[in-house]
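One-letter residues, chain by chain:
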Amino acid sequence: MKEKLAAARRSLKREFDFYRRVAKHSETPRLAKILLGLAIGYALLPFDLIPDFIPVIGQLDDALIVPGLILLALKIVPQEVKTECRVTPPPSVPVEL
């Protein structure tokens, strides 16, 4: 179980790093940058369009809006930019001893 959680955490971290690199890339269209920003903002904001206390629908809007915005943004981004951002290794953080 711990291995699955660790693998999921690494995968999620890798995806967030990819979205960050795509959003900062100079050839990414402005609309894609805005959509990625909206997706991140909506996921982090404490309020929703549909409140979470409404059963099923409250959680469903989070599960549809954020991935939908990300998918729409990635459709706008040129394939070359996505490929470059996928293969670019994440920046290493220097470790001070």
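Scroll up a little and you will see the structure.
Let me sum up the structure you'll find in this document. (Residues numbered from 1 in each chain as written. Predicted model: local features only at pLDDT ≥ 70, side-chain atom pairs only at ≥ 80, totals over all residues. Heavy atoms only, no water.)

## Points about helix α2 (residues 30-44)
Let me state the cut-off plainly: Here a strand is any run of E in DSSP of at least two residues, a helix any run of H or I of at least four, and the numbering for each starts at the N terminus. Multiplying one less than the number of residues by 1.5 Å gives the expected span of a helix. Exposed residues in this analysis have more than 50% of their type's maximum accessible area, buried residues have under 20%, and partly exposed residues fall in between, with area computed by a 1.4 Å probe over protein chains only. What the arc measures is the spread of directions leading from the helix axis to the C-beta atoms. Only heavy atoms matter for contacts: two residues are in contact if any of them lie within 4.5 Å across the pair.
Spanning 15 residues, α2 covers 21 Å between terminal C-alpha atoms, matching the ideal 21 Å at 1.5 Å per step. Every buried residue belonging to α2 is among Ala32, Leu35, Leu36, Ala39 and Tyr42, and all of these are buried. Buried positions in α2, seen along its axis, are confined to an arc of 130° and lie on one side of it. Opposite its buried face, α2 presents the exposed residues Arg30 and Leu44, each directed more than 90 degrees away. Tucked into the core, α2 has its buried residues touching α1 (2-24) and α3 (57-76).

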